[in-house]
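# Examining the three-dimensional arrangement
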Amino acid sequence: MSTSPTVRKGSIFKEHLIMKHDALIVTPGKKIRLKDFDPGSTGKYQSKDEAREKLEADTSRLAEYQDVLYAQNTYALLIIFQAMDAAGKDGTIKHVMSGVNPQGTQVFSFKAPSAEELDHDYLWRYHKAVPERGRIGIFNRSYYEELLVVRVHPEFLHTQQLPPETLTKDIWKRRFSEINDFERYLVHNGVEVLKFFLNVSREEQRRRFLARLNTPEKNWKFSANDVKERACWDDYHQAFENVFSHTSTKWAPWYVIPADHKWFTHIAVADIIISKLKSLHLKYPTVDKDRMQELEKAKQLLEQESQ
Ligand code: ATP
Ligand code: MG
């Protein structure tokens, strides 16, 4: 499968982005292998400098869309990021969302669940964090961890206090379909869902870990657990492939984003978010006759004051 986005002239994407999303999307129902996706791809872009202008333009466009999203107060956008460690989730969130009004966005980072969270069904803590209408909500890790870290380390499953009769081999299959249903429910209620997997290569992860160890200002980012998890690389990739094959749906598709070049990750993600917002045909609310008269009255009062 080719992973290089190409120029798509005359498409709805023309004005802002010029790359083919089809190359990054996981076709619903299709079994995929991550080795067929190139983490080093940069599409039609040769360099960071070339991409800078596009990211700047996209950042301000995103701010414009977010303003209408907020004003219309009908849709919300949930953006999910999943990845191996050091793939650049934090930096992508920082760069892509840098221009938007903080009042209209929310970021939740999900770590290992607390005792209170473990006392609830597994979707509880995530459902509570779903963005309100008019907002963009970001999940830095998400309920997909329930099919990733929990699958790679089944001992986590045993801390979840589940009834023993539910701990059967088909638990993952059940979770796939529960999550698909949950996302369909969200979409039916106005919450659009975008899911990004930042696809970093094993070698690039090694380089980034070494940079964290060798640079004093980056030391804090390194955790001994990161190396332990790296040792499970193949198990994680297998779990990811399973997730993509079962939970990329028409209503909430997965995008596999090349992540060896951070600048490309940023423009690709920004681009897809903008296309999604554009597809919603957002509109500022219009003012009815009564309200218009009210505004007119207020205007007259204010104008009289200055005379
Ligand atoms: P960074 O990129 O800065 O390291 P991070 O997202 O990796 O950020 P950490 O605090 O390093 O944040 O790690 C969070 C940890 O929580 C991960 O190892 C993840 O697998 C784990 N985690 C998240 N959700 C669950 C869950 N449902 N059950 C068990 N562990 C979880
Ligand atoms: Mg980490």
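Model, not experiment: these values are computed from the prediction.

## Quick notes on the site of ligand 1
Inspection of the region around ligand 1 gives 15 residues, with D85, K89, K111, R141 and E146 positioned closest. Note that an oxygen atom of ligand 1 is positioned 3.3 Å from one of the backbone N or O atoms of A112. Considered on its own, ligand 1 offers 640 Å² of accessible surface; in the complex 81% of this is hidden by protein. Broken down by secondary-structure element, the contributors of at least two residues to the shell around ligand 1 are helix 2 (89-96), helix 4 (124-128) and helix 5 (149-152). Tallied by class, the residues present in the shell around ligand 1 amount to 7 nonpolar, no polar and 8 charged.

## Section: the pairing of strand 4 (residues 191-199)
Most of strand 4 sits inside the fold, with 9 of its 9 residues counted as buried. Pairing between strand 1 (residues 76-83) and strand 4: 8 bridges, direction parallel. Looking at strand 4, one finds that A76 is bridged to V191. Pairing of strand 4 with strand 5 (residues 254-258) involves 5 bridges; the strand directions are parallel. If you follow K195 over to strand 5, its bridge partner there is W254.

## Some details on the side chain of E241
Tracing the backbone shows E241 in helix 9 (residues 233-247). A distance of 2.8 Å separates a polar side-chain atom of E241 from the backbone nitrogen of L34.

## Things to note about the environment of R206
Relative to the elements of secondary structure, R206 occurs in helix 7 (residues 202-214). Using a relative accessible area of 38% as the deciding quantity, one classes R206 as partly exposed. Residues R206 and E146, 60 residues apart in the sequence, show an inter-C-alpha distance of 25 Å. A polar atom in the side chain of R206 sits 3.0 Å from the side chain of E203.

## Remarks on the packing of aromatic side chains
Summed over all chains, the structure comprises 16 aromatic pairs. With a centroid separation of 5.0 Å and an interplanar angle of 80°, the aromatic rings of F110 and F139 are classed as edge-to-face. Here F139 lies in strand 3 (residues 136-140) and F110 lies in the loop between strand 2 (105-109) and helix 3 (115-118), a separation of 29 residues in the sequence. The class of F139 is buried, set by a relative accessible area of 0%. A connected cluster of aromatic rings, assembled from ring pairs, spans F108, F110, Y126, F139, Y143, Y144, F182, F197, F240, F244 and W254. A cation over a ring is seen here: K44 above Y45, with NZ or CZ 4.6 Å from the ring centre. Sitting over the face of the ring of W251, R184 holds its NZ or CZ atom 4.5 Å from the ring centroid.

## Examining unusual backbone geometry
Excluding glycine, residues mostly have negative phi values, and the peptide bonds linking residues are mostly trans. Of note, the phi angle at R141 is positive, near 75°, even though the residue is not glycine. By secondary structure assignment, the location of R141 is in the loop between strand 3 and helix 5. For H281, which is not glycine, the phi torsion reads 50° and is therefore positive.

## A few points about the sheet that holds strand 5
Ordered in space as 2-3-1-4-5, the 5 strands form an open sheet in which the pairing is parallel. Unpaired on one side and paired on the other, strand 2 and strand 5 mark the two borders of the sheet. Averaged over neighbouring strand pairs, the angle between their axes works out to 20° when direction is ignored. On the sheet, helix 10 (residues 262-279) packs against strand 1, strand 4 and strand 5 and is oriented at approximately 165° with respect to strand 4.

Rules used in this analysis
Residues numbered from 1 in each chain as written. Chains lettered and ligands numbered in written order. Predicted model: local features only at pLDDT ≥ 70, side-chain atom pairs only at ≥ 80, totals over all residues. Heavy atoms only, no water. Near = heavy atom within 4 Å. Polar contact = N/O pair within 3.5 Å; in protein donor to acceptor, adjacent residues only side chain to side chain. Areas by Shrake-Rupley, 256 points an atom, 1.4 Å probe, with all protein chains shown as cover. Helix = DSSP H or I, 4+ residues; strand = E, 2+ residues; numbered from the N terminus. Nonpolar A, V, L, I, M, F, W, Y, C, P; charged D, E, K, R; others polar. Buried < 20%, exposed > 50% of the residue type's maximum accessible area, 1.4 Å probe, protein only. Pairing = 2+ DSSP bridges. Phe/Tyr/Trp six-rings, centres within 6.5 Å; stacked < 30°, edge-to-face > 60°. Lys NZ or Arg CZ within 6 Å of the ring centre and 35° of its normal. Axes fitted to C-alpha atoms, helices over the stretch in contact; angles between N-to-C directions. Contact = heavy atoms within 4.5 Å.

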